[in-house]
Amino acid sequence: MTRRPALAYTLLLLAQTVCALVILFHIHIAFRVLIERIGQQQTLPTEILAQICVAALLGQCCYWTRLYWLPVPQGFRSLPLGHLLAFAARLGAIVGGALASIYFLRHLPELTKLADSFTLVWRSGLLLAIVFALYCYTLELERLAAAWQAEPEE
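Residues numbered from 1 in each chain as written. Predicted model: local features only at pLDDT ≥ 70, side-chain atom pairs only at ≥ 80, totals over all residues. Heavy atoms only, no water.

Draft legend 1. Region of the structure containing the overall build of the protein. Counting its secondary structure elements, the protein contains 4 helices and 0 strands. Mapped from its N terminus to its C terminus, the protein presents α and β elements in the order α-α-α-α. When burial is assessed residue by residue, the protein has 34% of its 154 residues classed as buried. Looking at the protein alone, contacts between residues at least 24 apart form 91% of all its contacts between residues at least 6 apart. When the accessible surface of the protein is totalled, it reaches about 10000 Å², and 71% of it is carbon and sulfur. (Helix = DSSP H or I, 4+ residues; strand = E, 2+ residues; numbered from the N terminus. Buried < 20%, exposed > 50% of the residue type's maximum accessible area, 1.4 Å probe, protein only. Contact = heavy atoms within 4.5 Å. Areas by Shrake-Rupley, 256 points an atom, 1.4 Å probe, with all protein chains shown as cover.)

Draft legend 2. Main features of helix H2 (residues 46–69). Look at H2: 34 Å from first C-alpha to last across 24 residues, which is about the 34 Å you get at 1.5 Å a residue. Turning to H2, its buried residues are Ile48, Leu49, Ile52, Ala55, Ala56, Gly59, Gln60, Cys62, Tyr63 and Arg66. (Expected span 1.5 Å × (residues − 1).)

Draft legend 3. Region of interest: the nonpolar core. Ranked by size, the top nonpolar core spans 29 residues in total, and within it Tyr9, Leu13, Ile23, Leu85, Ile130, Leu141 and Leu144 carry the most contacts. Going through the elements one at a time, helix H1 (3–36), H2, helix H3 (79–107) and helix H4 (117–149) are the ones with two or more residues in this core. A per-element tally of this core places H4 first, with 12 residues. Contact partners of Leu141, with chain neighbours within four places excluded, come to Leu13, Leu85, Ala88 and Ala89. (Core = buried A, V, L, I, M, F, W, Y, C linked by side-chain atoms within 4.5 Å.)

Draft legend 4. Here's a closer look at the side chain of His26. If you trace the backbone, His26 turns up in helix H1. Beyond its immediate chain neighbours, meaning those up to four positions away, His26 contacts Ile48, Gln51 and Ile52.

Draft legend 5. Just the pattern of salt bridges, in detail. On inspection of all chains with the given rule, the structure shows 3 salt bridges. For Glu140, the salt bridge identified is with Arg66, shortest N-O distance 3.3 Å. With Glu140 in helix H4 and Arg66 in helix H2, this pair connects stretches of sequence that are 74 residues apart. Classification of Glu140 by relative accessible area gives buried; the value is 0%. The partner of Glu140 in a salt bridge is Arg143, with the nearest N and O atoms 3.1 Å apart. Placement of both Glu140 and Arg143 in helix H4 is noted, with a separation of 3 residues, approximately one turn of the helix. (Salt bridge = Lys/Arg side-chain N within 4 Å of Asp/Glu carboxyl O.)

Without other data, these values stay purely geometric and don't point to any function.
What follows is the structure, given as structure tokens:
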């Protein structure tokens, strides 16, 4: 791989990493709020919601651009770093899945109420989009980890 595609791949992955960190930071705050105020309806400040939406959208743009136009850089091999990267990918998936579980378990009783179903559908759709963005990020980390762990071609 030439230097330009490798640099573009790295920059897009770094941008997506920053997006995932923004989302994970806010998930951490959401976990604390949900646990401390269990059973109470929670609202998200507009600036935090905007940060999460922009991070998820930008992360998706980086992911799909890299997936379609930039191959995973070859030539670097490190079994331990590949394992650490794959482990980090799995942790990201676990955190995203845990957030979705807590949200749906928390709002499951509201599914029977039809008065506020639009808000519930909107929030659930946004949550699924955020979890999907984290899923795509973890897929890319796993692809890179597999490339780092691959046997060298002879």
